[in-house]
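Examination of the molecular architecture
One letter stands for each residue in the lines below.
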Amino acid sequence: MFNLVTRVQTAGNQALTASMVVTGFVILLTLLQLAQDNVWGISTTSITNIQPTSSIKRSSQYGSVNRKPKENSKIQFDLDADLTPLFNWNTKQVFVYLTAEYPGKSEGSSNKVTYWDKIIKSKDEAKLHYVNQRSKYSVWDVEKSFRGRNATVRLEWNIQPHVGPLIYGSTETTGNFQFLRNE
Amino acid sequence: MNLRQQITQFLTLAYVFSSAFVAWKTLGIVTNSHSPIVVVLSGSMEPAFQRGDILFLWNRDKQQKVGDIVVYEIEGKSIPIVHRVLREHHNSEKQLLLTKGDNNAVDDLSLYAKKQSYLNRKEDLIGTVKGYLPFIGYITILISENIYFKYGLLGLVGLSSVFFE
């Protein structure tokens, strides 16, 4: 019973098994390498000089419903970070994003929004240095306004591998600012 | 070829299909997603995901984090969309998400249903992308979008069953 079909089947099965084992090894080695490079403990970042601005929008593109006024927030910030440890042989790209977290109205509620992000494709671009950088997005809340709440700013990252799991983390430094009171 | 042989062949085929089906459904139960493995169809997440890449989904997280890449479905649109969470707002009962494709200039508001300004974590999501295999899914794109490939493949399968009995 050594006809073509069984031969192709056997070869296919072996190829599948082999590639699964190799993929497993790649994933394991990647995780070990990242742990060794201490990527979850990057502490040299600085996020400073955060200046919020605010405006009232009445367009649905800016979160307004039925032309009701909606507060939109932007920030300017200084950022220094060295993300080169995130790049190894299984890194396809790093997506880095600046988030602000602030409390909601009720107990147990919370919000997190992205002000700025960037796709980094190589190690050469992984040293970030920005002064008075403007946020990329105009941000609105589920509520009508931000009511002058305090926000915590973090620099977070996501490694996209060539093969394997997506890996997430954030640098240890945080920044703070208070939304403008605009009511 | 006698009847016994033919029945055996049929049973083997039925076994292959049913075990594939059982494996797929089991994966669906484990991941809590009706479609636990998806193939990327658009370039809106490039360079992270290209057309033909395979994504493994998981749908048992209670909440999404900002930066998660999620797959969602909009009512009335049949194609699931793979995009990144840009904002999340949650209380103890419910979580609202705004998403955006890395390669798109603006957020997904225009992709959502009319009057819909957020995704609802519980209702709209198929899963969160946890793992990634490049390129292998391209074969399904070829099959579904290229008729020559589709019928060529069908013809090959047919011919092989005629010639290699």
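Criteria and thresholds
- Residues numbered from 1 in each chain as written.
- Chains lettered and ligands numbered in written order.
- Predicted model: local features only at pLDDT ≥ 70, side-chain atom pairs only at ≥ 80, totals over all residues.
- Heavy atoms only, no water.
- UniProt positions renumbered as here; feature names shortened; annotations may be inferred.
- Helix = DSSP H or I, 4+ residues; strand = E, 2+ residues; numbered from the N terminus.
- Salt bridge = Lys/Arg side-chain N within 4 Å of Asp/Glu carboxyl O.
- Buried < 20%, exposed > 50% of the residue type's maximum accessible area, 1.4 Å probe, protein only.
- Core = buried A, V, L, I, M, F, W, Y, C linked by side-chain atoms within 4.5 Å.
- Contact = heavy atoms within 4.5 Å.
- Phe/Tyr/Trp six-rings, centres within 6.5 Å; stacked < 30°, edge-to-face > 60°.
- Lys NZ or Arg CZ within 6 Å of the ring centre and 35° of its normal.
- Pairing = 2+ DSSP bridges.

The name an unreviewed UniProt entry assigns to chain B is Signal peptidase complex catalytic subunit SEC11, from the organism Spathaspora passalidarum. As recorded by UniProt, the Catalytic activity (unreviewed entry) comment attached to chain B reads in full: "Cleavage of hydrophobic, N-terminal signal or leader sequences from secreted and periplasmic proteins." The Subcellular location (unreviewed entry) field of the UniProt record for chain B holds the comment "Endoplasmic reticulum membrane".

Going by the annotation in an unreviewed UniProt entry, the name recorded for chain A is Signal peptidase subunit 3, with Spathaspora passalidarum given as the source organism. Turning to chain A, the UniProt annotation filed under Sequence similarities (unreviewed entry) states: "Belongs to the SPCS3 family." Recorded in UniProt for chain A, the comment headed Subcellular location (unreviewed entry) runs: "Endoplasmic reticulum membrane".

**Some remarks on the UniProt feature "transmembrane region" (unreviewed entry) in chain A**
Here the UniProt feature "transmembrane region" (unreviewed entry) sits at residues 15–35 of chain A. For the annotated span residues 15–35 of chain A, helix accounts for 100% and strand for 0% of the residues, and the straight-line distance between the end C-alpha atoms is 30 Å.

**Structural notes on the pattern of salt bridges**
Residue and element names in this part refer to chain A. Counted by the stated rule, this structure contains nine salt bridges over all chains. D117 is paired through a salt bridge with K136; the nearest N and O atoms lie 2.4 Å apart. Taken as a pair, D117 in strand 4 (residues 110–120) and K136 in the loop between strand 5 (127–134) and strand 6 (139–140) lie far apart in primary sequence, 19 residues in all. Relative accessible area serves as the criterion here: at 44%, K136 is assigned to the partly exposed category. Through salt bridges with shared partners, a single network forms among D141, E143, R147 and R149.

**What to know about the nonpolar core**
In this structure, L83, W116, L128 and F177 of chain A are the most contacted members of the largest nonpolar core, which totals 53 residues. Per element, the largest residue contribution to this core is seven residues, and it comes from strand 3 (residues 91–103) of chain A. Here W116 of chain A is in contact with F77, L79, V96, Y97, L98, L128, Y130, Q133, R134, K136, Y137 and L155 of chain A, once residues within four sequence places are set aside. Counting residues in each nonpolar core, the second largest holds 14 residues, with V38, F49, I69 and V71 of chain B among its members.

**Things to note about the packing of aromatic side chains**
Aromatic ring pairs are reported here in terms of the distance separating the ring centres and the angle at which the planes meet. For the structure on display, the rule yields twelve aromatic pairs over all chains. Look at F77 of chain A and W116 of chain A: their rings are 5.9 Å apart centre to centre, the planes differ by 70°, and that puts the pair in the edge-to-face class. Taken together, the residues span a long stretch of sequence, with F77 of chain A in strand 2 (residues 70–82) and W116 of chain A in strand 4 at a distance of 39 residues. On the basis of relative accessible area, W116 of chain A is assigned to the buried category, the value being 4%. Here a set of aromatic residues connected by ring pairs shows up, and it is made of Y102, Y115, F146, F177 and F179 of chain A. Above the ring of Y62 of chain A, the side-chain terminus of K57 of chain A is found at 4.5 Å from the ring centroid. Above the plane of the ring of F95 of chain A lies R84 of chain B, whose end atom (NZ or CZ) is 3.7 Å from the centre.

**Overview of the pairing of strand 7 (residues 125–133) of chain B**
The side chains of a regular strand alternate, first on one face of the sheet and then on the other. Most of strand 7 of chain B is tucked away, with seven of its nine residues classed as buried. With two bridges joining them, strand 8 (residues 164–165) of chain A and strand 7 of chain B adopt antiparallel strand pairing. The residue of strand 7 of chain B that forms the bridge with G164 of chain A is Y132 of chain B. As paired elements, strand 2 (residues 54–58) of chain B and strand 7 of chain B share five bridges and run antiparallel to each other. Of the residues in strand 7 of chain B, the one forming a bridge with F56 of chain B is G131 of chain B. Taken together, the three bridges between strand 3 (residues 69–72) of chain B and strand 7 of chain B define a ladder with antiparallel strand orientation. For V71 of chain B, the partnering residue across the bridge sits in strand 7 of chain B and is G127 of chain B.

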